[in-house]
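Close look at the chain arrangement
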Amino acid sequence: MAQLIDGKQLSNQVLQEVASEVERLKAEHDVEPTLAVVLVGEDPASQVYVRNKVKRAKEAGMGSIEHRLGTETTQGDLNQLIERLNHDPRVHGILVQLPLPSHLDEEEVIAAINPAKDVDGFHPLNVGALAAGQASLVPCTPQGCMIMLRQVHPDLSGKHAVVVGRSNIVGKPMAALLLQANCTVTIAHSRTQDIESLCRNADIVVAAAGRRELVDADWIKPGATVIDVGINAIEVEGKRKLVGDVAFEAVAEKAGAITPVPGGVGPMTIACLLLNTTRAARHQLA
Ligand code: NDP
């Protein structure tokens, strides 16, 4: 049976580090690291995510400001709010919860955020910095995946990693971080041919396709490390349940290490968001 990489436990460690850094920033610089969260519309999943982020920020001793805007919010209104937050010295991190209602342009909104406050790491300047291997605000989910991988592989050098998914928020930054850690990286997506045999050759598989239990045991090399980013809601006997992109039970029999869903990558993502906020606050001091 594979070693379980416990995201809850690991995220608590990261959150403790965040809380200590918050204390230091308050004591040494009289700065309370503060995250502004912007939610537009009524998407139920987004409301849960925002609630969790604000709750965790408070638990870590950070400041948090919530802006809940109606679905009818215009691009101009949203841009104006971001501009205000960009210039507000009390705000160190800005997070606009995605997805936005379809009449709003996500790219325009992301580009409007001050890159120094872009704690999601989605601004083109931060994306470019990551691609160039420069220190920047790194997207939270891949950052969390790297911390989990380091639990099993303190040295990732030379490992063959397959990332299933090429989105801007998970797949591409994940591949960039693995490359920076000297892995040999393959990025697979919906047009990839014979994805199973690519994965079977991998020491590390990161599944981020948003397809329920796509990765099965016969995709996995014995002893490989499997990171499951996927979050898929299903109904079992009338009850809502979350499953990942990996067929957990079967793959856990074959893999060397695996992350669960829930309790894996999800809690690490929030912890890394708060880590980014303290980093942004410290950077803004300079
Ligand atoms: P996207 O839908 O933006 O991207 C999915 C990617 O997977 C695309 O690149 C797509 O390929 C690829 N893909 C889809 N189907 C297949 C397939 N059958 N075989 C191979 N590749 C496929 O999703 P996200 O990256 O935003 O999210 C991925 C998953 O991770 C979702 O379940 C999401 O809920 C979850 N997630 C979890 C987070 C967490 O904190 N745990 C945070 C963010 C996301 P193509 O480009 O060709 O269309």
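Residues numbered from 1 in each chain as written. Predicted model: local features only at pLDDT ≥ 70, side-chain atom pairs only at ≥ 80, totals over all residues.

1. Remarks on the site of the ligand
- Residues in close proximity to the ligand total 26 residues, the closest being Gly165, Ser167, Ser190, Gly210 and Thr269.
- For the shell around the ligand, the element with the highest residue contribution is helix α10 (residues 265–285), accounting for three residues.
- Partitioned by chemical class, the residues of the shell around the ligand number 11 nonpolar, 12 polar and three charged. (Near = placed C-beta within 6 Å. Helix = DSSP H or I, 4+ residues; strand = E, 2+ residues; numbered from the N terminus. Nonpolar A, V, L, I, M, F, W, Y, C, P; charged D, E, K, R; others polar.)

2. A short note on helix α6 (residues 140–152)
- Under the 1.5 Å per step criterion, the end-to-end length of α6 is 19 Å for 13 residues, consistent within 8% with the ideal 18 Å.
- Looking only at α6, the buried set comprises Cys140, Thr141, Pro142, Gln143, Gly144, Cys145, Met146, Met148 and Leu149.
- Those residues of α6 that are buried lie in contact with α1 (7–29), α7 (171–180), β7 (204–207), β8 (225–228) and α10. (Expected span 1.5 Å × (residues − 1). Buried ≥ 20, exposed ≤ 12 C-beta atoms within 10 Å, placed from the backbone. Contact = placed C-beta atoms within 7 Å.)

3. A short note on the pairing of strand β9 (residues 232–236)
- In terms of residue burial, β9 counts as a barely covered element, since only zero of its five residues are buried.
- For β9 and strand β10 (residues 239–243), the ladder comprises five bridges, and the chain directions are antiparallel. Looking at β10, one finds that valine 236 is bridged to lysine 239.
- A loop of two residues connects β9 with β10, the two strands running antiparallel in sequence, and glutamate 237 in this loop sits at a positive phi of about 45 degrees. (Pairing = 2+ DSSP bridges.)

4. Thoughts on the UniProt feature "domain: Tetrahydrofolate dehydrogenase/cyclohydrolase catalytic" (unreviewed entry) in the chain
- UniProt annotation of "domain: Tetrahydrofolate dehydrogenase/cyclohydrolase catalytic" (unreviewed entry) refers to residues 5–120 when read in the numbering used here.
- With 51% helix and 16% strand, the stretch residues 5–120 has end C-alpha atoms that lie 24 Å from each other. (UniProt positions renumbered as here; feature names shortened; annotations may be inferred.)

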